[in-house]
Amino acid sequence: MCRCPISHVASVGVSASVIYHNRTTYELLMRGLYGRHYGARYRAIAELIPDGADVVDVCCGPATLYTGYLRDKGVDYTGLDLNEGFIARLTEAGGTGRVWNAHAADPLPAADHLLMQASLYHFLPDPTPVIDRMLAAARDQVIIAEPVRNLASSDNKVLAAVARRFTDAGEGAEEHRFTEPTLDALMRGYGDRVVRRQLIAGGREKLYVLSAGA
């Protein structure tokens, strides 16, 4: 059973925007969702990034991956997110932050590694354009880790509705999330570019690594 504070947060009337736009509250929620696997979800990605590499993190959120797991590796990190507060704090922490609407058609900044964690569902029903833009910008590889076990997809309609609300990044709560079969089906479209796939974070997320080579 997931140790999750969502029901308590909802009961005291805290809005979805407060959850997403407050780093401390956001991190507490994520720790509740992932429990003892919270750190593992970041370590699985950090282990794929060599020391000193260039990294662009699309939809970086509060950039916990950088501050907790990549900064000591001397990476050149750029985080992209709509949240101005997250970007400001990332810059203060020594990374490069850009306020960025990833839904726009603008090319993504080039880097050795383009990555996205727990945000691909924002681009449903067709996330292929953003994946293609990541591949076009990456010199080495694209790393995507996406939840495949979601409270938002729960058979409990009340729990699912609350989970969708409190994972809203400010553009409206998405009705759909990935399951492992639907994510696998999407990634099969990239054929031999997929060089690695594995479940991480106690099976809550699935990690895919795509080669940037043609």
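Figured I'd write up the structure that's included with this text. (Residues numbered from 1 in each chain as written. Predicted model: local features only at pLDDT ≥ 70, side-chain atom pairs only at ≥ 80, totals over all residues. Heavy atoms only, no water.)

**Let's talk about the environment of Val58**
Tracing the sequence through the fold places Val58 in strand β1 (residues 54–58). Residues Val58 and Trp100, spaced 42 residues apart in sequence, show a C-alpha to C-alpha distance of 8.7 Å. With residues up to four places along the chain from it excluded, the contact list for Val58 reads Leu80, Ala102, Leu108, Leu114, Leu115, Met116 and Met134. (Helix = DSSP H or I, 4+ residues; strand = E, 2+ residues; numbered from the N terminus. Contact = heavy atoms within 4.5 Å.)

**Re the side chain of Thr78**
On the secondary structure map, Thr78 appears in strand β2 (residues 76–81). When its relative accessible area of 10% is taken as the criterion, Thr78 is described as buried. When sequence neighbours within four positions are dropped, the list of residues in contact with Thr78 reads Val55, Val56, Asp57, Thr96 and Arg98. (Buried < 20%, exposed > 50% of the residue type's maximum accessible area, 1.4 Å probe, protein only.)

**A short note on the sheet that holds strand β4 (residues 111–117)**
The mixed open sheet is built from seven strands, whose spatial order is β3-β2-β1-β4-β5-β7-β6. Across the chains shown, the open sheet's two edge strands, defined by having one partner strand only, are β3 (96–99) and β6 (194–200). Within this sheet the neighbouring strands show an average axis-to-axis angle of 15°, counted without direction. The strands touched by helix α4 (residues 38–46) within the sheet are β4, β5 (138–147), β6 and β7 (205–211), with β4 carrying the most contacts at an inclination of about 160°. Against the sheet, helix α9 (residues 180–188) touches β5, β6 and β7, its axis set at about 5° to β7. (Pairing = 2+ DSSP bridges. Axes fitted to C-alpha atoms, helices over the stretch in contact; angles between N-to-C directions.)

**Some words on the environment of Leu135**
Turning to its location among the elements, Leu135 is positioned in helix α7 (residues 128–137). For Leu135 and Ala110, which are 25 residues apart along the polypeptide, the C-alpha to C-alpha distance reads 9.6 Å.

**Focus on the pairing of β4**
Where burial is concerned, most of β4 is hidden: six out of the seven residues are buried. With three bridges joining them, β1 and β4 adopt parallel strand pairing. The residue bridging Val55 from the neighbouring strand is His113, located in β4. This β-α-β element, β4 to α7 to β5, shows right-handed connectivity. (Right-handed = clockwise from strand over helix to strand, strands pointing away.)

**Considerations on the pattern of salt bridges**
In total, this model carries five salt bridges according to the counting rule given. Residues Glu205 and Arg41 are paired through a salt bridge, measuring 2.6 Å at the closest nitrogen-oxygen approach. Placement of the pair is Glu205 in strand β7 and Arg41 in helix α4, with a sequence separation of 164 residues. Judged by its relative accessible area of 0%, Glu205 falls in the buried class. For Arg41, a relative accessible area of 2% translates into the label buried. When the shortest N-O distance is used, the salt bridge between Lys206 and Asp184 registers 3.0 Å. (Salt bridge = Lys/Arg side-chain N within 4 Å of Asp/Glu carboxyl O.)

**Considering α7**
Because the α-helix completes a turn every 3.6 residues, residues three or four places apart line up on one side. Taken as a whole, α7 has its buried residues at Val130, Ile131, Arg133, Met134, Leu135 and Ala137. Buried-residue contacts for α7 involve β1, β4, β5, α9 and β7.

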